[in-house]
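Here's the letter readout for the chains.
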Amino acid sequence: MAGETVITIVGNLVDDPELRFTPSGVAVAKFRIASTPRIFDRQTNEWKDGDALFLTCSVWRKAAENVAESLAKGVRVIVQGRLKQRSYEDREGVKRTVYELDVDEVGPTLARATAKVEKNPAGGGRAATDPNGSPDPWANAKPANGQQQGGGWGGAQQQQPAAQGAGYSDEPPF
């Protein structure tokens, strides 16, 4: 959307993602990420850590459940989302400002790790249809060598596309 600050950040999870549900049953996972720049000190001829940036991140719906199941404290991740600023007054009456990230995409970085990706069943909402309810062109894609394994790349049988709007909600985040 226009006017939003979209950023991509790479860092380590400071704690395990915390999965909760709104009163209407919408999943939300919160986690903190620490991004620490590495700086080469020419005087000592060694790398040193710079000041870490800590951000609280929120991810919603099925992605929240996937994050809570897949990621844990210490995992290096790449996160893309919309940076938000929120002000409040603490118990002592001091006005505070925090920056948070509303996550659109998140996953483990593969620079120093491996990951096995498993596609969710098509009935889970976004997996089989786009936001307009049109079939996902990648849902039944064949591997480049032309050999399809068990109905898709992940090896599991693909289900029929979900009904339009499945897994989506007009409900505000909180």
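To be clear, the structure that these remarks concern was listed above.
Residues numbered from 1 in each chain as written. Predicted model: local features only at pLDDT ≥ 70, side-chain atom pairs only at ≥ 80, totals over all residues. Heavy atoms only, no water.

1. Section: the overall build of the protein chain
So, step 1. Per the secondary structure count, the protein chain includes one helix and eight strands.
So, step 2. Along its sequence from the N terminus, the protein chain presents helices and strands in the succession β-β-β-β-β-β-α-β-β.
So, step 3. Burial statistics for the protein chain: of 174 residues in total, 24% are counted as buried.
So, step 4. For the protein chain, restricting intrachain contacts to residue pairs at least 6 apart in sequence, the fraction spanning at least 24 positions comes to 56%.
So, step 5. Carbon and sulfur atoms form 49% of the exposed surface of the protein chain, whose accessible area is close to 12,400 Å². (Helix = DSSP H or I, 4+ residues; strand = E, 2+ residues; numbered from the N terminus. Buried < 20%, exposed > 50% of the residue type's maximum accessible area, 1.4 Å probe, protein only. Contact = heavy atoms within 4.5 Å. Areas by Shrake-Rupley, 256 points an atom, 1.4 Å probe, with all protein chains shown as cover.)

2. Remarks on the pattern of salt bridges
So, step 1. A complete count under the given rule lists nine salt bridges for this structure.
So, step 2. Between Glu-65 and Lys-62 there is a salt bridge, and its shortest N-O distance comes to 4.0 Å. Of the two residues, Glu-65 and Lys-62 are both situated in helix α1 (residues 61-70); the distance of three residues between them amounts to about one turn of the helix.
So, step 3. Given the relative accessible area of 32%, Glu-65 is considered partly exposed. (Salt bridge = Lys/Arg side-chain N within 4 Å of Asp/Glu carboxyl O.)

3. What to know about the pairing of strand β2 (residues 18-21)
So, step 1. Pairing of β2 with strand β3 (residues 27-35) involves four bridges; the strand directions are antiparallel. Considered in β3, the bridge of Leu-19 is made with Ala-29.
So, step 2. Linking two consecutive strands that pair antiparallel, namely β2 and β3, is a turn of five residues; a positive phi of about 95° is found at Gly-25 within it. (Pairing = 2+ DSSP bridges.)

4. Regarding the packing of aromatic side chains
So, step 1. Throughout the structure, instances matching the rule amount to one aromatic pair.
So, step 2. Consider the rings of Phe-40 and Trp-47, whose centres lie 5.3 Å apart with planes at 65°: the pair is edge-to-face. (Phe/Tyr/Trp six-rings, centres within 6.5 Å; stacked < 30°, edge-to-face > 60°.)

5. Comments concerning the nonpolar core
So, step 1. In terms of nonpolar packing, the biggest core is built from 16 residues, with Phe-31, Ile-33, Val-59 and Val-79 touching the most fellow members.
So, step 2. Among the elements of the structure, β1 (5-13), β3, β6 (53-60), α1, β7 (76-89) and β8 (95-108) are those that each provide at least two residues to this core.
So, step 3. At four residues, β3 tops the list of elements feeding residues into this core. (Core = buried A, V, L, I, M, F, W, Y, C linked by side-chain atoms within 4.5 Å.)

6. What to know about unusual backbone geometry
So, step 1. Here Asn-45, not a glycine, exhibits a phi torsion of approximately 60°, which is positive.
So, step 2. Residue placement: Asn-45 occurs in the loop between β4 (38-41) and β5 (46-49).
So, step 3. A relative accessible area of 58% means that Asn-45 is categorised as exposed.
So, step 4. A positive phi is found at Arg-61, a non-glycine position, where the angle reads about 60°.
So, step 5. Looking at where Arg-61 falls in the secondary structure, it is placed in helix α1.

7. Regarding the environment of Thr-97
So, step 1. If you trace the backbone, Thr-97 turns up in strand β8.
So, step 2. Each C-alpha atom, one on Thr-97 and one on Ser-87, is 4.2 Å from the other, the two residues being ten residues apart in sequence.
So, step 3. Leave out the neighbours within four places in its chain, and Thr-97 touches Gln-85, Arg-86 and Ser-87.
So, step 4. Within the structure, Thr-97 has its side chain in polar contact with the side chain of Ser-87 (distance 3.2 Å). (Polar contact = N/O pair within 3.5 Å; in protein donor to acceptor, adjacent residues only side chain to side chain.)

8. A closer look at the environment of Lys-73
So, step 1. Among the secondary structure elements, Lys-73 is positioned in the loop between α1 and β7.
So, step 2. Accessibility expressed as a relative area gives 59% for Lys-73, which makes it exposed.
So, step 3. For the pair formed by Lys-73 and Ile-33, sequence separation is 40 residues and the distance between their alpha carbons is 9.3 Å.
So, step 4. Sequence-distant contacts of Lys-73, defined by excluding residues within four places in its chain, comprise Leu-13, Val-14, Asp-15 and Asp-16.

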